[in-house]
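Observations on the model geometry
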Amino acid sequence: MLDDVEVDVTSCTRILYRAERREGRWLIVSVDPVYERDTLVTSLPGTHLTVDADDLVAFRPSYRMLAYVLSRRGYRIGDDLYGDDQPRAAAELHATALAWTRART
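The following refers to the structure shown.

**A closer look at the overall build of the protein**
Helix and strand counts for the protein come out as two helices and two strands. Taken from N to C terminus, the helices and strands of the protein fall in the order β-β-α-α. For the protein, whose C-alpha radius of gyration is 18 Å, the value lies well above the compact-globule estimate of 13 Å for 105 residues. Based on the C-alpha atoms only, the size of the protein along its principal axes is roughly 55 × 30 × 25 Å. Split into buried and exposed, the 105 residues of the protein put 25% on the buried side.

**Things to note about the environment of His48**
With respect to the helices and strands, the residue His48 is situated in the loop between β2 (25–42) and α1 (64–72). Sequence separation between His48 and Glu6 is 42 residues; the distance between their C-alpha atoms is 9.5 Å. If near-sequence neighbours (up to four positions away) are discounted, His48 is found in contact with Val5 and Thr42.

**Quick notes on the pattern of salt bridges**
Scanning the model with the defined rule gives seven salt bridges in all. A salt bridge links Asp3 to Arg72, with the nearest nitrogen and oxygen atoms 2.4 Å apart. Of this pair, Asp3 sits in the segment before β1 (7–22) while Arg72 sits in helix α1, and the two are 69 residues apart along the sequence. The class of Arg72 is partly exposed, set by a relative accessible area of 40%. Linking Arg22 and Glu20 is a salt bridge whose minimum nitrogen-to-oxygen distance equals 2.8 Å. For Arg22, a relative accessible area of 42% puts it in the partly exposed group. When salt bridges that share partners are traced, they join Arg14, Glu36, Arg37 and Asp84 into one network.

Rules and cut-offs
- Residues numbered from 1 in each chain as written.
- Predicted model: local features only at pLDDT ≥ 70, side-chain atom pairs only at ≥ 80, totals over all residues.
- Heavy atoms only, no water.
- Helix = DSSP H or I, 4+ residues; strand = E, 2+ residues; numbered from the N terminus.
- Rg over C-alpha atoms; globule rule 2.2 N^0.38 Å.
- Buried < 20%, exposed > 50% of the residue type's maximum accessible area, 1.4 Å probe, protein only.
- Contact = heavy atoms within 4.5 Å.
- Salt bridge = Lys/Arg side-chain N within 4 Å of Asp/Glu carboxyl O.

Below you can see the structure in the form of structure tokens.
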């Protein structure tokens, strides 16, 4: 619910998992999302939600709607998350993961 309106937030995200075999079991050791884009729509036909564009300026484009909704619920959302709007950081994450994988083979 956002301003008494039922909404759907959809976040298109690539997830990078790192797993290691420890003591005979595979375990996930890290999960890194790379945010692509997101949307915010009302869940019920005919309902209307007004979002002031000025309220969205503080959030990065790749996860703007998700950050907006969560911030309205009292969460602080960092601007340092991986996203397609900052391709250099996302490429560095992928390069680090590839090097991590090679070090374990």
